[in-house]
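Remarks on the overall topology
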Protein chains: 2
Amino acid sequence: MAAAQVWSVDPRTGKPREEVAAEATAEEIDRVVRTAHAVRDALADRAVRAAFLRTAAALLEETASHVVEAADAETALGPGRLNGELARTAFQLRSFADIVDEGAFLDIVINHADDSRTPPWPDLRRIKVPLGVVAVYAASNFPLAFSVPGGDTASALAAGCPVVVKAHPDHPATAELCASVLRRAAAQSGLPQDVVQLVHGFEAGVELIRHPLVSAAGFTGSVRGGRALFDAAAARPHPIPFHGELGSLNPVVVTAAAAAERGEELGAGLAASMTLGVGQFCTKPGLVLVPAGADGDVLVKELTHGVSEVEAGVLLDHRMREAFVAGVAERAALDGVEAPVTPGAGGEHTVGAGFLAVDAARLAREGAHDLLLEECFGPVTVVARYSDDAEITAVLSRLPGNLTATLHLSRAESAGEGHGAALLAALTPLAGRVLVGGWPTGVAVAPAQQHGGPYPATTSTSTSVGGTAIERWLRPVAYQTTPEALLPPELRDANPLGLPRVVDGRREAGVRAEGN
Amino acid sequence: MAAAQVWSVDPRTGKPREEVAAEATAEEIDRVVRTAHAVRDALADRAVRAAFLRTAAALLEETASHVVEAADAETALGPGRLNGELARTAFQLRSFADIVDEGAFLDIVINHADDSRTPPWPDLRRIKVPLGVVAVYAASNFPLAFSVPGGDTASALAAGCPVVVKAHPDHPATAELCASVLRRAAAQSGLPQDVVQLVHGFEAGVELIRHPLVSAAGFTGSVRGGRALFDAAAARPHPIPFHGELGSLNPVVVTAAAAAERGEELGAGLAASMTLGVGQFCTKPGLVLVPAGADGDVLVKELTHGVSEVEAGVLLDHRMREAFVAGVAERAALDGVEAPVTPGAGGEHTVGAGFLAVDAARLAREGAHDLLLEECFGPVTVVARYSDDAEITAVLSRLPGNLTATLHLSRAESAGEGHGAALLAALTPLAGRVLVGGWPTGVAVAPAQQHGGPYPATTSTSTSVGGTAIERWLRPVAYQTTPEALLPPELRDANPLGLPRVVDGRREAGVRAEGN
């Protein structure tokens, strides 16, 4: 039986662009994973890994015009956004190269033997080692930053793990192009190209998660797809870590005082954030608690104005367009739900942005309106009008886990007056990133970043953006009473590699700046 | 329907000692978990948590004679061992108090806003927060150190999580006594007693892992029981982390040169390690690769002598005794397996230590002898005689994950000659702790410790012993553009709590010694 063909499709027309590849069969997955496993030791040298990541960043930039052209043709995200995403992706690769060089991620702790203890302590030296082959499931909405050359791949390679990426069907040509860039970078760095491999196909993705030589997985996508893979990872004879980012409502709370102080600004900011990238950000604000009454009306009026001015846009694929149109219709049909700007079908291939408004009281108790507490992918948000703080906390207490939660306060509240601290405390359990002011779309690639929150935002307690994302692909090993001659150089007394370490309770600074 | 009674049983006679409690019903589990959840904020203050852990250590020592008496009556482990275990448990509680005080576990990373970046970085401040109620499943073989007052409980409380312990049925009276000590310590520290609660019963344990307000679980026990709970944790609507230590073979490799150099010493050391605590350590060496020929014979002869001298011992319960007797008989009946000292039934309530010997070649390929690669709980080990290094690596490649792996080298090999490094490299992927020399039984409570290895040794990449065990009960939260007045004090610019932090890439030392 011939393997199914993989086509690149133009979402602006719904027409196939080109045949890109074939879906991988079970035999091919087995071969790909075995090849990745066989070359894993090539990634043992940190200096080579760092050079590889930097070369990948440089080659990606050199190939930028081709990559952006392909990605735009397949995703309709536009060259402006895609050039920015490419720059961010290259920066991310270089950030992980810095992290590899610096070496704090190895979490080295050394305890010399201590006979004064009861019982005596033997010499113990702890370091983190790579888990093995990592499966990466690319996202639809970030064809670069959360796909083949994205954060999961970069952090796994930085950890020393070969990567097999399962391409997203919305941008297979971009995936092929990026995989060839990474493989070329590997070769130029003296590594086997097979430290990065690419496969296509839904069934191939399921085979991949089940393969005995796959050691961990990273995923960005829907709750349905992510949960199915999470379940498969957990059901293996030998379960593996599955770090999945599945879905997030990203609640926003606007206090009455904030609305009174800057309702217009907030309405305009919300309109921009919820329609960014045609509403296809994982961090899109999907539920906004706005005070009832005149101050809140100002915000809603400006939101109405802002959203009305947004042109119809093209979603990543036609299946998403259908899901969006059906999803907003179902939500708009609920009792007491109004659509100041009706979201839904735009032209034949586009969707129009809009938003829904509802009394917060309807969300405070279980019922049909729970649908409004589920993510709806695309340019729509739900504005829930509340009458008091009790209604805010009642709604918050019903929310699932989120990537982000945002609080807008007045100047006085920001200075510590009133209920600001209480509201912040109510938002913290809900999310991995908590903002006071600003909007959640836009995730800085910074060491302090946390892009991951309680389920279903994430299936683990990890982050997929920022330096600590590397932790996902490592496990600690402690060497006991191991002679100096046999110890990895990272663990020798003289610290020949100049790594940051904690030795007998004292921190040894590394030779490179820490925490970059 | 009346709840089933929980009896304390004397394993030396098989007779019930006393009725201790009743098994918790589903309603009771719900009430217990809700109570624990309701008091979680009481643990927010680090200073109070540290004081609580130190008070618990002191009260445990004050109550030592009662606790050891109860534990000995229920487990037959003997007062010598149990007094040592109690001292270790108190030390562990104090170690976590030190870790709480020091604060490095909060993993604080601060990036001030940086407009020079493209796109600009917002102010981001990352800290770790407790997950919520933790379920702890106590172990049979360590009634203190891996049970009610043990490492899972201590690390979870240190992280700021209330704990519900599911008692092990082999020592319910000890569990009740220890729970009352911990609850008394809580009260003396100004905390609600319900930050620690105890439940009994198999079904209660299943209810517990399924409860929506349970946020994570720690487990030490069998593959069967642990896997069932792991599966239940993964199958929840909202899956939770399950850190389980399930089983380990703890392979040992003795090189020909090591056997030639000190075969007698190694034989005697192995006899002592495999029979320690009647062979009921998670780290018992269960498979020992010994060279064929005269040098290996010296080791085996001394092992034979050492094991023959071990008196019959009492296992933790009669079910284990039956499993041991049946397990060793099934193994001994395999083709080509000899029993130089026959393990099995001793007296009516005891078992005799022994060991089995087999050609390593029989373990190098799939077949009936795979049974010898499964842990057999109790005083037995398998000595596999190999003819060359290829046979060693062939057997190692067939092993599941382990807590420990041990290598015995000659002096010259330890100095770097020959195959020492290659063998060490072959053992590292198999385990969380790799020893060169010494024996794996005995797990130092030290910062560099790693008590956790690839599945089935552990269901996650974490450790259950040592300071980093606290990481299991935390998740990161990043605060974005949050005004100083609303930030937790840990994240304020002035660092009023004197915590170790990484700020804009520079490490701020804390006011307390790091890495204890």
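For the structure, check the block above.
For the structure given in this document, a descriptive report is provided here.

About the thresholds
- Residues numbered from 1 in each chain as written.
- Chains lettered and ligands numbered in written order.
- Predicted model: local features only at pLDDT ≥ 70, side-chain atom pairs only at ≥ 80, totals over all residues.
- Heavy atoms only, no water.
- Helix = DSSP H or I, 4+ residues; strand = E, 2+ residues; numbered from the N terminus.
- Buried < 20%, exposed > 50% of the residue type's maximum accessible area, 1.4 Å probe, protein only.
- Contact = heavy atoms within 4.5 Å.
- Lys, Arg positive; Asp, Glu negative; His and termini not counted.
- Charge placed at Lys NZ, Arg CZ, Asp CG, Glu CD.
- Axes fitted to C-alpha atoms, helices over the stretch in contact; angles between N-to-C directions.
- Parallel < 35°, antiparallel > 145°, perpendicular 65-115°, else oblique.
- Left-handed = near helix turned anticlockwise from the far one by under 90°.
- Nonpolar A, V, L, I, M, F, W, Y, C, P; charged D, E, K, R; others polar.
- Salt bridge = Lys/Arg side-chain N within 4 Å of Asp/Glu carboxyl O.
- Phe/Tyr/Trp six-rings, centres within 6.5 Å; stacked < 30°, edge-to-face > 60°.
- Least-squares fit on C-alpha atoms with pLDDT ≥ 70 in both.
- Buried area = accessible area lost by both parts, 1.4 Å probe.
- Polar contact = N/O pair within 3.5 Å; in protein donor to acceptor, adjacent residues only side chain to side chain.
- Pairing = 2+ DSSP bridges.
- Patch = residues over 30% accessible without salt bridge, like charges linked within 9 Å, V, L, I, M, F, W, Y side chains within 5 Å.
- Areas by Shrake-Rupley, 256 points an atom, 1.4 Å probe, with all protein chains shown as cover.
- Right-handed = clockwise from strand over helix to strand, strands pointing away.
- Core = buried A, V, L, I, M, F, W, Y, C linked by side-chain atoms within 4.5 Å.

A tally of regular secondary structure across chain A gives 14 helices and 21 strands. Each principal axis of the C-alpha atoms in chain A carries an extent, and together these give about 75 × 65 × 40 Å. Relative to its full complement of 516 residues, chain A shows a buried share of 62%. Relative to all contacts within chain A whose residues are 6 or more apart in sequence, the contacts with residues 24 or more apart total 76%. The distance from the centre of the 42 positive side-chain charges to the centre of the 61 negative ones in chain A is 5 Å.

Residues and elements named next belong to chain A. Direction vectors running N to C along helix α2 (residues 46–62) and helix α6 (residues 172–188) enclose 135°, while the axes themselves pass 8 Å from each other. Relative to α6, the element α2 lies oblique. The two elements α2 and α6 cross, and the hand of that crossing is right-handed. Listed contacts from α6 to Phe-52, Thr-55, Ala-56, Leu-59 and Leu-60 of α2 are Cys-178, Val-181, Leu-182, Arg-184, Ala-185, Ala-186 and Gln-188. Grouping the amino acids of the contact of α2 with α6 by side-chain chemistry returns nine nonpolar, two polar and one charged.

Before going further, it helps to spend a moment on unusual backbone geometry. Following Thr-118 of chain A, the chain continues into Pro-119 of chain A via a peptide bond in cis, with omega recorded as -10°. Along the polypeptide, Pro-119 of chain A turns up in the loop between β3 (109–111) and β4 (124–130). Looking along the chain, the bond that leaves Tyr-455 of chain B and enters Pro-456 of chain B is cis, with omega of 5°. Within the secondary structure, Pro-456 of chain B sits in the loop between β18 (431–436) and β19 (474–480). Even without glycine at this site, Asn-250 of chain B takes up a positive phi of about 55°.

This part takes up the pattern of salt bridges. Under the defined criterion, the tally for this structure stands at 40 salt bridges over all chains. One salt bridge connects Arg-183 of chain A with Asp-194 of chain A, and the closest N-O pair in it is separated by 3.0 Å. Here Arg-183 of chain A, found in helix α6, pairs with Asp-194 of chain A, found in the loop between α6 and β7 (196–199); they are 11 residues apart in sequence, far enough to count as distant. Linking Arg-501 of chain B and Glu-508 of chain B is a salt bridge whose minimum nitrogen-to-oxygen distance equals 2.9 Å. Residue class for Glu-508 of chain B comes out buried when judged on its relative accessible area of 19%. One connected set of salt bridges, linked through shared partners, spans Arg-54, Asp-98 and Asp-101 of chain A.

Here we take up the packing of aromatic side chains. All names here are of chain A. One pass over the full model with this rule turns up 12 aromatic pairs over all chains. Between Tyr-137 and Phe-219, the aromatic rings sit 6.2 Å apart at their centres with planes inclined by 50°, giving tilted as the arrangement. Highlighted residues: Tyr-137 in strand β5 (residues 133–137) and Phe-219 in strand β8 (residues 214–220), separated in sequence by 82 residues. Using a relative accessible area of 8% as the deciding quantity, one classes Phe-219 as buried. Note on Phe-219 and Phe-242: the rings are 5.9 Å apart at their centroids and 35° apart in plane angle, and the pair reads as tilted.

This part takes up the relation of the copies chain A and chain B. Mapping chain A onto chain B calls for a screw motion: a turn of 180° about the axis and a shift of 0.0 Å along it, with 0.0 Å RMSD after fitting. Taken together, the rotation angle and the small translation identify this as a two-fold axis. Distance from the rotation axis, computed per C-alpha, reaches its smallest value in chain A at Ala-234 of chain A: 3.3 Å.

This part takes up the interface of chain A and chain B. Each side of the interface is counted separately: chain A has 69 residues, and chain B has 69 residues. The junction of chain A with chain B conceals about 5,300 Å² of combined surface from both sides, 60% of it contributed by carbon and sulfur atoms. Ranking the residues of chain A by area buried against chain B places Ala-448, Arg-475 and Leu-486 of chain A at the top, with a combined share of 12%. At the junction of chain A and chain B, the tally comes to zero salt bridges. Run the count over chain A and chain B and you get 28 residue pairs in polar contact (both at pLDDT 80 or more). The set of elements that each furnish at least two residues to the side of chain A that touches chain B consists of β3, β4, α8 (223–235), α13 (411–414), α14 (420–427), β18 (431–436), β19 (474–480) and β21 (506–508) of chain A. In terms of residues, the side of chain A that touches chain B owes the most to one element, β19 of chain A, which gives seven residues. By residue class, the composition of the side of chain A that touches chain B is 39 nonpolar, 18 polar and 12 charged.

All names here are of chain B. Most of strand β4 (residues 124–130) sits out of view: six of its seven residues are buried. Judged from the three bridges that link them, strand β3 (residues 109–111) and β4 form a sheet pairing that is antiparallel. Counterpart to Ile-110 in the pairing with β4 is Arg-125. By the bridge criterion, seven bridges tie β4 to β19 in an arrangement that is antiparallel. Within β19, the residue paired with Arg-126 across the bridge is Ala-478.

Now for the sheet that holds strand β9 (residues 242–245) of chain A. Sheet strands pair via backbone hydrogen bonds, and the direction of the pair is either parallel or antiparallel. Residues and elements named next belong to chain A. Pairing in this open sheet of five strands is parallel, and the strands run β7-β6-β5-β8-β9 from one edge to the other. In the strand order of this sheet, the two ends are held by β7 and β9, each with one partner. Averaged over all pairs of adjacent strands, the angle between strand axes in this sheet comes to 15°, irrespective of strand direction. Where β5 meets β8, five bridges bridge the pair, whose relative direction is parallel. In the strand pairing of β8, Val-136 is matched with Gly-218. Contacts between helix α5 (residues 151–159) and the sheet are confined to β5, β6 (163–166), β7 and β8, with β6 contributing the most and set at about 170° to the helix.

Across the sheet, which stays open at both edges, the 12 strands sit in the order β12(A)-β15(A)-β16(A)-β11(A)-β10(A)-β17(A)-β18(A)-β19(B)-β4(B)-β3(B)-β20(B)-β21(B) with mixed pairing between neighbours. This sheet does not close on itself; its edge strands, each paired only once, are β12 (338–341) of chain A together with β21 (506–508) of chain B. Ignoring which end each strand starts from, the neighbouring axes of this sheet average 25° apart. Where α14 of chain A meets the sheet, it contacts β10 (251–254), β17 (402–408) and β18 of chain A together with β19 of chain B, and its direction lies at approximately 170° from that of β17 of chain A.

Here we come to a negative patch on the surface. Residue and element names in this part refer to chain A. Negative charge collects at one region of the surface, where Glu-27, Glu-28, Glu-203 and Glu-207 lie side by side. Counting through the fold element by element, Glu-27 comes out in helix α1 (residues 26–38). Classification of Glu-27 by relative accessible area gives exposed; the value is 60%.

Turning our eyes to something else, we now look at the side chain of Ser-140 of chain B. Relative to the elements of secondary structure, Ser-140 of chain B occurs in the loop between β5 (133–137) and α5 (151–159). Residues within four places of Ser-140 of chain B in sequence aside, it is in contact with His-168, Asp-170, His-171, Leu-316, Met-320 and Phe-377 of chain B.

Let's shift gears to the pairing of β6 of chain A. Remark: a regular strand shows side chains that alternate across the two faces of the sheet. All names here are of chain A. Taking every second residue as pointing to the same face, both faces of β6 are buried, with Val-163 and Val-165 on one and Val-164 and Lys-166 on the other. For β5 and β6, the ladder comprises four bridges, and the chain directions are parallel. Note that in β6 the partner of Val-136 across the bridge is Val-165. The parallel pair β5 and β6, bridged by α5, forms a crossover whose chirality is right-handed. Pairing analysis gives four bridges linking β6 to β7, with the strands arranged parallel. Its bridge partner being in β7, Val-165 is matched across the sheet by Leu-198. What joins β6 to β7 is α6, and the crossover it makes is right-handed.

Right, let's get into the nonpolar core. Judged by nonpolar contacts, the single largest core of 210 residues is most densely connected at Phe-52, Leu-287 and Leu-289 of chain A together with Phe-52, Leu-287 and Leu-289 of chain B. In contact with Leu-289 of chain B, not counting residues within four places along its chain, are Val-252, Val-253, Val-254, Ala-360, Ala-384, Tyr-386, Ile-392, Val-395 and Leu-396 of chain B. In this structure, Ala-24, Ala-204 and Val-214 of chain A together with Ile-209 of chain B belong to the second largest nonpolar core, which totals 50 residues.

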